[in-house]
Amino acid sequence: MVVRSQSSAAGVLALLQEPDTVFKQHALKALIPLVPQFWAEISEHIALIESLYESDDLPKPARHNAALLASKVYYFLGEYDEALSFALGAGSAFQAETRAHGAGEYVETVISNAIDRYVTLRTEEPSGSSTKIDARLQAIIESIFDRCIEEGEYRQAIGIALESHRLDVVNRIYELTHDVSLLSYTMEAVLDTGFSLSYRDQVLNFLLPLFPPPTSLSKSPHIHALARLLVTLNRPSLVVPLLTSLVPKERLLAYQFAFDLVEGGGREFLQGVKADLPEGKEETQDIYDKLRKILDGQESVKLYLEFLKRNNKVDMLILKNTKDVLEARTSIYHTAVTLQNAFMHAGTTSDVFLRENLEWLGLASNWAKFSTTAALGVIHKGHFEEGMNILGPYLPQAGGESQIQGAAYSEGGALYALGLINAGCGSGQPVENYLRETMKTAQGEVVQHGAALGLGISAMGGRSSDAYDDLKETLFTDSAVAGEAAGYAMGLVMLGSADRTSAEEMLTYARETQHEKIIRGLAMGLAFIFYGRQEEADSTITSLLTEKDPILRYGGVYTLALAYAGTSNNDAVRQLLHIAVSDTSDDVRRAAVTSLAFLLFKNPGQVPRIVQLLSESYNPHVRCGATLALGIACAGTGLQDAVEILEPMTKDGVDFVRQGAFIALGMILVQQSEASSPSMSSTRALYTKVVSDKHEDPMARFGAAIGQGLIDAGGRNVTISLQSRAGSKNTNAIVGLTMFCQFWYWYPLAHCACLAFEPTAIIGLNEDLKVPKFEFVSNARPSLFAYPPPATPPKRETFAKAATAVLSTTAKVKAREKKKAAADADAMDTDERPEQKKDGDVEMKGEEGPAGKPADGLPSTNAPEDAKPKRKSEPSSENVANFSRVTPTQLAYISFPPEGRYQPVRPVSLNTVVPKTGGKGNPNPGIRKAPSGVASERYAGGGGILLMVDEKPDTEAEFISFEPPAVEPVPTENGHAQPQALVHHHTRPSIHIALDENSPDVDPPESFEYPFDS
């Protein structure tokens, strides 16, 4: 007998009207499973069902059923709040429903709403008391916590606990598990999501005592998290007790901790820690002195400077080719080559290109001269001890400004360069005082402009009221050029202070002045003042975004981006996206799209998805903003999704969109190898093609030149990263790239991109802070992280080819016919058959000939066969010497052999890849995943300066010696510089020869000697 499907709930609903309670109870129970099918019909009787729930005549289970029935009906009606309210009243019936088959979606929605309501109620109560919260709701939440803990879903429980301000649950989980990684997860969750500053500090203060004290025996993997936590709290009083507890027995760990604090800590914070450290007793005085020396920041700067000098792998041929094809008399092209050279040699102290091209240098005039002189600051960045000597010839003399025509531009550029050299070096008062005095005594606006920019960058975040007042005086002169620089510098000096008085003064003056330059400088200065202040900046952001002046709205966009930098705050992202499609000013729309990068740089994988549609906008300014957003957020990741969006944009119809695409590709592909990123070689070829194309737009050629500089930045030994190695925000980098984005209006500001260059090295130090010689292992194929191959010089054989252009097939046929004719003649004379065989042999050789590339493109048929065995024979790991380049992605593959003499006091990286033997494909998956992973995971500590435990202290050690005199002679200024024939570096002689006129004739046989034997 077939069971009929029910077509209506009317019969059961009629029972609800019966006076007998038994019928009502039965009806309520029977209706619950019918709701998914007949909810519309049942909803007409919802008032009756609610009255039954409130009726005292029914027993408790029946009332629970009535509540559950009402809840499910409201759920299907989309009234989730009502559904939750009745579910709370359903008691045992709801508990039974959670176990019923097919009710999963309803139960999940109700529980999700219960969590949301609980979180809302908890966050509305500052005291965190639970007086207003329904006990039934509390019971559901407690049961969720219990279930998560029972099932081992600790992270899920921690997530809900953080949202609902239930730190007691975090404590309970940690006491149960004693898993330090859960504390690190809690810290990252509260830092990388949009929690308020006050609550963030509350959580961090709660977590700090829970972290166990670090020890060198356990290799303390949580030292990264601890360093980031203390840097974020920004309170020296919390750091000093930790350092003093390590000093007696764990001094190496204390040094390591100090280096890690320097990586992410602000200047004011580090100076506070340094000042609060005790003098120490006889046996500890030396340790404390070394800690103070490290916390100065200068020790780190010196080590990285030496690393960049020693490992400089700049390919001078690329730079020479760009210089030759870009007409130097055109200011934009001169600036392009200047910036390319500055970025390529950033921090290497190698100015050989400038010394070898003095005639080209002399073509700079006016602001191009300013930029060229400022480029010395980028090249010598971090060389703070010699900064004044290097720039001495260009700086204003004691007697005042020079009267020579055009000298003001080189003097202003030199002052700006002095600021760049001392950025983040903690070199302190002498340089600041010099720049302040020069700015006050200078009469010309160009010199004032350079001095103000230099002062802002060198005193960044120092919050010096004297420097601020001097800059304010310069601003009040109402000179457009000097005032713009003063506006930027005032914000930089007061970086992150959220000082209301300064903000009011700057905003008032911006509304009064008529100079657009000054308004823009002040608008960006306001953004710097509220850097990282989140909700404290909201009132200023609202005020700026409602201004009539588009330049102030532009400043409002950057204020929003910098205030919430790195938080991925949903409201801020939504607001920027709205501005990007609705504002009346193209500049504001472009800035809004670009600013998305500063919010989302910790999740670079999300950015291509968000920017995808904007990159196809009808508005070229929005498309341009999308290119820079991808470049900044995905910088150094090699993220293929971003590259795939940018590659079509290099063919855009608008020149400045192409410019943005070229610059962004350089940022994304910095330090990528051809093996790890398939777009690497094609992008380099594209740069060369665009720069060389005289019919290309100047802006696009400018962008390609900058891209060439960024992709090989810092001698190919730096990456661009908005995060420090410990995972905290890299303030210098965020400020540097924000300033770089202003090159749209003022080219000299592009130099600030060097503030975002992070050297990628492993520098091992012993307890005396000396650099011993040792090796560690990279468990990946060497080609994955190799330096790019040297560029090949352009071949000068076009005339020869043009004279006799013969197809290879024609040449083969003619050769075959000649030999066949000769063979036939011999056969007629001797009638011997072996000639035919010989003829056959000749034909076979003729077929083989193309594989050896006699005439044209067929050589590729044999080249892969030769290459394949080489790939197979490539080792699966390599030994790397101390003081060598190790890219951020490569850190996961680094290990220190247990039998080695030196062992690090903390892990090199938290996400290591277990080496497998034999499989050449093994490293590849890791490489492909790493870029698309979360940036905070990729940069979560690791690399940088490592303190090493000497396992054989009695054995004499070899050290890497630093020889400053080696810098003095011009030809050998840099051991690895490759600009001239005099340099005798053995690895790449062909590059030096390539600058010689005869080189094109010599180079091809060297590269392809085997094909030319026919």
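Before any of the text, the structure's been laid out above.
For the structure given in this document, a descriptive report is provided here. What you see is a predicted model, and the numbers here were worked out from it, not measured in a lab.

The next point concerns the pattern of salt bridges. Within the structure shown, the criterion is met by 35 salt bridges. Where Glu 385 meets Lys 302, a salt bridge forms, and the shortest distance between an N and an O atom there is 3.3 Å. Of the two residues, Glu 385 is situated in the loop between helix 24 (367–379) and helix 25 (387–391) and Lys 302 in helix 19 (residues 298–310); the sequence distance between them amounts to 83 residues. With a relative accessible area of 52%, Glu 385 lands in the exposed category. The partly exposed category is assigned to Lys 302, whose relative accessible area is 35%. Salt-bridge contacts for Arg 310 lead to Glu 306; the nearest nitrogen and oxygen are separated by 2.9 Å. Pair noted here: Arg 310 and Glu 306 are both in helix 19, with a separation of four residues, about one helical turn. Using a relative accessible area of 29% as the deciding quantity, one classes Arg 310 as partly exposed. On the accessibility criterion, Glu 306 (12% relative accessible area) is buried.

Turning next to the pairing of strand 4 (residues 775–778). As defined by bridge partners, strand 4 adjoins strand 5 (residues 878–881) across four bridges and the pair is classed as antiparallel. Each bridged residue has a counterpart across the sheet, and for Ser 778 the counterpart in strand 5 is Glu 878. Where strand 4 and strand 7 (residues 894–895) come together, two bridges link them in antiparallel fashion. For Ser 778, the partnering residue across the bridge sits in strand 7 and is Ile 894.

Turning next to the sheet that holds strand 5. What the three strands build is an open sheet, ordered 5-4-7; its pairing is antiparallel. Each edge of the open sheet is held by one strand with a lone partner, namely strand 5 and strand 7.

The next subject is the side chain of Thr 683. Note on placement: Thr 683 falls in helix 41 (residues 680–692). Classification of Thr 683 as buried rests on a relative accessible area of 2%. Excluding residues within four positions of it along the chain, Thr 683 makes contact with Leu 665, Leu 669 and Ile 711.

On the basis of which strands lie adjacent, the open sheet formed by four strands has the order 6-3-9-8 and mixed pairing. One side of each edge strand has no neighbouring strand; the edge strands of this open sheet are strand 6 (884–885) and strand 8 (902–904). The pairing of strand 3 (residues 761–765) with strand 9 (residues 944–950) spans four bridges and is parallel. Each residue of the ladder has a partner; that of Leu 765, found in strand 9, is Leu 947.

Another point: the packing of aromatic side chains. With the rule as written, the count across this model stands at 29 aromatic pairs. Geometrically, the ring pair formed by Phe 774 and Phe 896 is tilted, given 6.2 Å between the ring centres and 40 degrees between the ring planes. Of this pair, Phe 774 sits in the loop between strand 3 and strand 4 while Phe 896 sits in the loop between strand 7 and strand 8, and the two are 122 residues apart along the sequence. Exposure remark for Phe 896: the relative accessible area of 11% places this residue in the buried category. In this structure an aromatic cluster arises from ring pairing among Trp 39, Tyr 75, Phe 76, Tyr 80 and Tyr 106. In this structure, Lys 72 packs its charged tip against the face of Tyr 106, placed 5.6 Å from the ring centre.

Each value, and the rule that gives it
Note on numbering: residues in each chain are counted from 1, in written sequence order. Local features in a predicted model are, by the rule used here, given only for residues with pLDDT of at least 70; side-chain atom pairs are given and counted only at 80 or more, and totals for whole chains, interfaces and linings are based on all residues. The side-chain quantities take in all heavy atoms of the structure and omit both hydrogens and water. Throughout this description, the term salt bridge denotes a Lys or Arg side-chain nitrogen within 4 Å of a carboxyl oxygen of Asp or Glu. Working definition: helices are DSSP H or I runs of at least four residues, strands are E runs of at least two. Numbering for both runs from the N terminus. Accessibility here uses a 1.4 Å probe with only protein chains present; expressed as a share of the type maximum, an area under 20% marks a residue as buried, one over 50% as exposed, and anything in between as partly exposed. In this description, strands pair whenever DSSP reports at least two bridges between them. Residue contacts are defined here by distance: any two heavy atoms, one from each residue, within 4.5 Å place the two residues in contact. Two rings from Phe, Tyr or Trp (for Trp, the six-membered ring) form a pair when their centres sit within 6.5 Å of each other. Planes less than 30 degrees apart are called stacked, planes more than 60 degrees apart edge-to-face, and all others tilted. By definition here, charges over rings are those cases where NZ of Lys or CZ of Arg is within 6 Å of the ring centre and within 35 degrees of the ring normal.

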